[in-house]
Every structure is written in C-alpha cells, then in structure tokens.
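Structure assessment
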Amino acid sequence: MPVAIEIDQVKKIFGHDTIIDCLSVDIKAGEFFTLLGPSGCGKTTLLRMIMGFNSIEAGEIRVDGNRINETPVNQRNMGLVFQNYAVFPHMSVEENVAFGLKMRKMEASERQARVDDILKLVKIDHLRKRMPNQLSGGQQQRVALARAIVIHPRVLLMDEPLSNLDAKLRVDMRNVIKDIQASIGITTVYVTHDQEEALAISDRIAVMNHGVIQQLATPRHLYQRPANSFVATFIGQSNLIEARLRPTVSAYVLSFDDGYQLEINTLESGLTDQSVLVAVRPEEADVLVNYQPGEAYGVQLKKQVFLGMTSDCFVLHGENELVVVDAEGREFQREQSLGLQFKASKINVFTADGSRSLIRKEA
C-alpha cells in the first residue's frame, strides 16, 4: 500500500546557516510529488532529510504516521535514484538490480522472480547480461530505477535523475519514469530544477526558493495562477509590467504608463487604488498592427523568430523587453510599432513588490 509523508516544521542548519526553517508539507499516498527550484534552494537538502542522509534539527518527518527522525537509513525502506546513476561497474545489469535483494538475504528463487519482473517493467530484460560500460546513459538510468524499486520500497526518492542525459533522452526517460510510477502506485518524491520536466510528470509541485515553499499546487494551477512573481517567472515565461490598479463600480481597471487601460474582473474584492505588477505570459497578449491610443500597450519590434504556425516577437516598451506570441505567424518589420492587448481573464496581477497574487482563488 502506498504511504503518505508528513513533513512538519522541519529545520536544517549547516554551520551558521539555516538552509530550511520550519518547513511543513504533506505528500499524499501514491502521488508523484516534485520539489522544484533553482540551485541552492534547499530541495535536495529536504530530500536527503527524508532519506536520512541529513539530520533534522527541529520538527518531524512521519511516514504512514510514524516518526522517522532517528530511524537509520537502512531501516527506512526507501529507494533512491541518484543523478549519476551509481551503477556498480563490476556487476552486470542483472546483478546490479539484484544487489539490494541479496543484502536483504532474500531466497534465490524469489529474488530471481522479482528481478525478472522488474527488468521487464523497465524494458531492459534483453540487457540483463551486459556490463554498465556497454550501456547508454538512458539504459544505465533504467538500471538505477529498477534497482531502486525492486526492493519494493515504501517511498521512491529521485534526485535530478535525468540531468546527465541529452535533451531527447530526458524527454523519453521522464515518460518512462512517470509510466512506471503510475503502474506501481508508489509514493514518489522527485527533485529537479527543470520546470518543463516538473510540469510534465508531476501530480503536484512544490516550488522552493531560499528554503521556503513559494507555492504548492498542480502543474496547471502553478502555470495559470502563480502565487507570486518568483513562481510566475520560474514556471514558464512571464513578462512583468508595472501598472496602476483602480477600483470601479463593477470591477477594476489596470492603467499602464502609455495610457492603455484594461478592465479586469478576476481580482479579490476590496482592493484599493495601488501600484501593481502585472504578469503576462507570451500567449496572453494579442498583437495588433493598427490600434487607437489607450486600446493597446504600445511596443516596438526588436526581433521576430518564425516558428511555422506562430512566431515569437521580442519587443521593447521603453527599456522593458517583452516576448509575445503572434498566433497568426505574420511577418513584421524591425522597429515596427505594434500594440499588445492583454487577455484580462488570463493575466496575473501581484502586489507592487511581487510577493502576493491579487487574483481571487476561484478565478
């Protein structure tokens, strides 16, 4: 049965530096849970605390309701897949996968049956007699994955497992990992700095920065309704634009520095006249050639990248460089004046410092 993980007010200190301070999060039984963030944000530190490689200075970690703070690594029954595969070079594929079962002194017949099953599951049965130096990077990663799950761990932990693979192989392997995780239903905690990878495979994502979870949500919600400007710019691409928010009788109006005004009705109630930060993703603006003052946000084309059905337009508003998608794939002239009409139902609005979203929860 899959197990839940409760992380309750945990703290991690290295020397005089507090890396993680009073962090809490619950990971559901059987879910694919990803810790996402830039290098040094604390995501691998938290993973190592779950595994038992790092001590816990305060708080608790519970698996299936049981505190594991002092439980030795070898008694936690967790599988770990490393960034560098950590495949034993002197053992064949089959021997690598069987290693953990041998350490548990499993009977030979049961051990062989379990190894056979897992080799078929990760589609390397035909490679069982090969040595690691005869395998590609993707094949070695499959060996590492098989070795981690053949012991039937309660939790599968994965630390940047695809970062050493080339771009195409990363896409292939992330699909393999997600399919296998779904088929066996194991609770999985996955660490990555690659936001596209996280969006593609996760049930939920915790976006971290400086040891703090900035937002915890499904991939779709993170992309569509980021909690702050850090999440908006880390997950996908967002153009950040200063504006003035003014309440009206029926909604709010966003006023930009060139006179463009946009009515928006997705915001919280009770907001006052204030400066705000507007986040517009490239696909959340329509590109206009002809427009009247006040009808669109005025920009000047710096560069256009043709992509077939669409094109990316890199534009300037003063010194602020933005990128927007022209869905019609039109050809514009360099330094041509264009107008952007923002899609009011899609864009996000934050406080002026970017620390908090002003979008109401149900929008």
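Before reading on, note that the structure itself is shown above.
What you see is a predicted model, and the numbers here were worked out from it, not measured in a lab.

Basis of the calculations
Residues numbered from 1 in each chain as written. Predicted model: local features only at pLDDT ≥ 70, side-chain atom pairs only at ≥ 80, totals over all residues. Heavy atoms only, no water. Pairing = 2+ DSSP bridges. Helix = DSSP H or I, 4+ residues; strand = E, 2+ residues; numbered from the N terminus. Axes fitted to C-alpha atoms, helices over the stretch in contact; angles between N-to-C directions. Buried < 20%, exposed > 50% of the residue type's maximum accessible area, 1.4 Å probe, protein only. Polar contact = N/O pair within 3.5 Å; in protein donor to acceptor, adjacent residues only side chain to side chain. Contact = heavy atoms within 4.5 Å. Salt bridge = Lys/Arg side-chain N within 4 Å of Asp/Glu carboxyl O. Core = buried A, V, L, I, M, F, W, Y, C linked by side-chain atoms within 4.5 Å. Disulfide = S-S within 2.5 Å. Phe/Tyr/Trp six-rings, centres within 6.5 Å; stacked < 30°, edge-to-face > 60°. Lys NZ or Arg CZ within 6 Å of the ring centre and 35° of its normal. Parallel < 35°, antiparallel > 145°, perpendicular 65-115°, else oblique. Left-handed = near helix turned anticlockwise from the far one by under 90°. Nonpolar A, V, L, I, M, F, W, Y, C, P; charged D, E, K, R; others polar.

**As for the sheet that holds strand β17 (residues 311-317)**
In spatial order, the strands read β15-β19-β16-β17-β18; together these 5 strands make up an open sheet with antiparallel pairing. What marks the edges here is a single partner per strand, and that holds for β15 (285-288) and β18 (320-326). This sheet shows a mean twist of 45° between the axes of neighbouring strands, independent of strand direction. For strand β16 (residues 297-306) and β17, the ladder comprises 6 bridges, and the chain directions are antiparallel. Counterpart to V305 in the pairing with β17 is D312.

**A few points about the side chain of R174**
Checked against the element boundaries, R174 lands in helix α5 (residues 167-184). Judged by relative accessible area, R174 falls into the buried class, the value being 13%. Separated by 3.4 Å, the side chains of R174 and E196 make a polar contact. Leaving out residues up to four positions away in the same chain, R174 has contacts with L162, E196, E197, A200 and I201.

**Re the pattern of salt bridges**
A full pass over the atoms with the stated rule returns 24 salt bridges. Note that D326 is salt-bridged to R330, the shortest N-O span being 2.8 Å. For R330, a relative accessible area of 25% corresponds to the partly exposed category. It is possible to trace a salt-bridge network through shared partners that takes in E6, D8, E60, R62, R67 and E70.

**Focus: the nonpolar core**
Soluble globular proteins: nonpolar side chains tend toward being buried together. Ranked by internal contacts, the top residues of the largest apolar core, which has 35 residues, are V97, L145, L156 and I177. Within the residue set of this core, elements represented by two or more residues are α2 (93-103), α3 (108-121), α4 (137-149), β7 (155-159) and α5. It is α4 that contributes the most residues to this core, 6 residues altogether. Beyond its immediate sequence surroundings of up to four residues, V97 is in contact with V115, I118, L119, V143, A146, R147 and V150. Of all hydrophobic cores here, the second largest spans 31 residues; its members include I264, L322, V324 and I359.

**Quick look at the environment of E319**
With respect to the secondary-structure elements, E319 resides in the loop between β17 and β18. Along the sequence, E319 and Q214 sit 105 residues apart, while their C-alpha atoms lie 29 Å from each other.

**With respect to the sheet that holds strand β13 (residues 261-264)**
Strand order in the open sheet made by the 5 strands is β13-β12-β11-β14-β20, with antiparallel pairing throughout. Among the strands making up the open sheet, the edge pair consists of β13 and β20 (348-351). Taken pair by pair, the neighbouring strands of this sheet meet at an average axis angle of 40°, ignoring direction. Relative to strand β14 (residues 274-280), strand β11 (residues 239-247) is paired through 7 bridges, and the arrangement is antiparallel. The residue of β14 that forms the bridge with N239 is V280.

**Observations regarding the state of the cysteines**
This structure, assessed with the given rule, holds 0 disulfides. Sulfur of C22: no disulfide; nearest cysteine sulfur belongs to C41 and is 17 Å away.

**Considerations on the side chain of N54**
Summarising the element assignment, N54 is placed in the loop between α1 (43-51) and β4 (58-63). Not counting chain neighbours up to four residues away, the residues in contact with N54 comprise K12, F14, T45, R48 and M49.

**What about the pairing of β15?**
Burial of β15 is one-sided: the residues A285 and V287 facing one way are buried, the residues D286 and L288 facing the other way are not. Across 4 bridges, β15 lies against strand β19 (residues 337-342) in antiparallel orientation. Counted as the bridge partner of L288 is G339 from β19.

**Observations concerning the packing of aromatic side chains**
Across all of its chains, the model carries 8 aromatic pairs by this definition. On the basis of an interplanar angle of 45° and a centroid distance of 5.4 Å, the ring pair of F32 and Y190 is categorised as tilted. Here F32 is found in strand β3 (residues 32-36), whereas its partner Y190 is found in strand β8 (residues 187-192), with 158 residues between them in sequence. What makes F32 buried here is its relative accessible area of 0%. By the ring-pair criterion, three or more aromatic residues cluster together here, those being F256, Y260, Y297 and F342. Positioned over the ring face of F88 is R147, at 4.9 Å from the centre of the ring.

**With respect to the packing of α4 against α5**
Following both chains from N to C, one finds α4 and α5 inclined at 20°, their axes separated by 11 Å at the closest point. Judged on the interaxial angle alone, α5 and α4 are roughly parallel. In the packing of α4 onto α5, the handedness of the crossing is right-handed. Together, G137, G138, Q141, R142, L145 and I149 of α4 and L169, M173, V176, I177, I180 and I184 of α5 make up the contact between the two elements. Along the lines of polarity and charge, the residues of the contact of α4 with α5 split into 8 nonpolar, 3 polar and 1 charged.

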